[in-house]
Amino acid sequence: MARRNKQGAGEINASSMADIAFLLLIFFLVTTTIDYDKGILHKLPPITEEPPDNVQSNKRNTMVVLINSRDQLLVNNENVSVKKLRSRAKQFLNNNGRNPKWSVSPDEAIISLQNDRGTSYGLYLQVQNELKAAYRELRDEYALQKYGNKFEDLKVIAKESGLARDKEKVEDVADHFPMRLSEAEPKSIGE
Amino acid sequence: MAKFTQKGKKGLPAISTASLPDIIFILLFFFMVVTVMRETELKVKNVLPKATELTKLENKELVSYIYIGEPTEQYVAKFGDAPRVQLNDSYANTNEIGTFVFAERAKLPTTEMRGAMVFALRIDEDVKMGIVTDVKYQLRKVNAFKINYSARPDEGAITQGE
């Protein structure tokens, strides 16, 4: 024993290192929360005093989506479930004048959304999500047919190459199906 | 030699645990990097709704959060259970949002960055639209038009484009 001490300090026992690391690990597991930093981007309109355009003249090109305080949906005076909203919106937008009840062309079509102050936020966001999805799917279909790529991929390509003709493709698709979601001031019947 | 054979009969030697701390440390570092510390203490219930059409918020500096929801249990006795807006660490009225927006803008150094600011609305799915509309109106009043409805990714739904 005496000889060993002369050689220098003995090795530090490292077996508790794992326990210390475990404690730290558990501390981090408990204290941190994974934040979902994702969401639906939305652009608010500026406040204007001007009265809105005459809706009567383009009634055909407007799809009115109403949500009441009991979370029921009304699309052009018809009761529709949230699940069917996406296909409804797609039919309406991509009608190209075929059905006289629906839009003349996608770039003239407007989806007007109105909710009640008593509508739950969950449903409101679901409706927003479905309408956005309808636009996205239509853009994807159009872009696939014309350029062989999905809209998102076209955007990535244009960003990476920086070429004017790639940007034109993106603009063409976006112009063919411009996202026209208008939101009316909510009513307050049942909050 | 006799000694060796005896040892062999006892069975395999114990597995060395010397590398265990290293493995645990790797796990630790992984969690430290992946998880984000929440800067503010949540005083409202905040179960985000699910959605599929999600965009990732890229530039964290440009994002400010507005929380809306019912006060959490410990605050119900004091503040009631009506949905409230939370800015930074405290409850706020909807008319305080304007000042909050200006304060957040002032934190950014350049005007370009101020123009690109996004206000992430982290709203509980059970909240009624009334308070949300008020918040949106206040944001419009101070020209903060870029907003982002925070949502959880919906894994169950069919996502075509991601």
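Residues numbered from 1 in each chain as written. Chains lettered and ligands numbered in written order. Predicted model: local features only at pLDDT ≥ 70, side-chain atom pairs only at ≥ 80, totals over all residues.

Caption draft 1: Quick peek at the overall build of chain B. Along the backbone of chain B there are six helices and eight strands. Along chain B, from the amino end to the carboxyl end, the secondary structure elements read α-α-β-β-β-α-β-β-α-α-β-α-β-β. The buried share among the 162 residues of chain B stands at 28%. Within chain B, residue pairs in contact and separated by at least 24 positions form 78% of the contacts whose partners lie at least 6 positions apart. (Helix = DSSP H or I, 4+ residues; strand = E, 2+ residues; numbered from the N terminus. Buried ≥ 20, exposed ≤ 12 C-beta atoms within 10 Å, placed from the backbone. Contact = placed C-beta atoms within 7 Å.)

Caption draft 2: Structural context of the overall build of chain A. If you tally the helices and strands in chain A, you get six helices and six strands. In chain A, the succession of α and β elements from N to C terminus is α-α-β-β-β-β-α-β-α-α-α-β. Scored against the burial criterion, the 191 residues of chain A give a buried share of 24%. Taking the intrachain contacts of chain A between residues at least 6 apart in sequence as the baseline, contacts between residues at least 24 apart amount to 62%.

Caption draft 3: Just the pairing of strand β3 (residues 63-69) of chain B, in detail. Residues and elements named next belong to chain B. Pairing between β3 and strand β6 (residues 118-123): six bridges, direction parallel. If you follow Val 63 over to β6, its bridge partner there is Val 118. As paired strands, β3 and strand β4 (residues 84-87) are joined by three bridges and run antiparallel to one another. Bridging across to β4, Ile 68 finds its partner in Val 85. (Pairing = 2+ DSSP bridges.)

Caption draft 4: How the structure looks around the interface of chain B and chain A. The partner chain A presents 45 residues to the 46 residues of chain B that form the contact. For the side of chain B that touches chain A, the secondary-structure elements that each account for two or more residues are α2 (20-34), β2 (55-56), β6, α6 (129-141), β7 (146-150) and β8 (152-153) of chain B. Among the residues making up the side of chain B that touches chain A, the classes are represented as 26 nonpolar, nine polar and 11 charged. Across two bridges, strand β1 (residues 38-43) of chain A lies against β2(B) in antiparallel orientation. Along β2(B), the bridge assignment pairs Lys38(A) with Lys56(B). (Nonpolar A, V, L, I, M, F, W, Y, C, P; charged D, E, K, R; others polar.)

Caption draft 5: Region of interest: the packing of helix α4 (residues 121-147) of chain A against helix α6 (residues 164-176) of chain A. All names here are of chain A. Where α4 meets α6, the closest approach of the two axes is 10 Å, and the angle between their N-to-C directions is 135°. With respect to each other, α4 and α6 are oriented oblique. Handedness of the α4/α6 crossing: right-handed. The residues of α6 that touch α4, namely those facing Arg 139, Tyr 142, Ala 143 and Tyr 147, are Lys 169, Val 173 and His 176. Looking at the contact of α4 with α6 residue by residue, the classes come out as four nonpolar, one polar and two charged. (Axes fitted to C-alpha atoms, helices over the stretch in contact; angles between N-to-C directions. Parallel < 35°, antiparallel > 145°, perpendicular 65-115°, else oblique. Left-handed = near helix turned anticlockwise from the far one by under 90°.)

Caption draft 6: Quick look at the sheet that holds strand β2 (residues 62-67) of chain A. Residues and elements named next belong to chain A. One open sheet accounts for five strands, arranged β4-β3-β2-β5-β6; its pairing is mixed. At either end of the open sheet lies a strand with only one pairing partner, and these are β4 (78-79) and β6 (181-183). Sheet topology note: the strand β5 (residues 110-115)/β6 ladder contains three bridges and is parallel. Across the sheet, residue Ile 111 finds its bridge partner in β6, namely Leu 181. Strand contacts of helix α3 (residues 82-93): β2, β3 (73-75) and β5, with the helix running at about 15° to β3, the strand carrying the most contacts.

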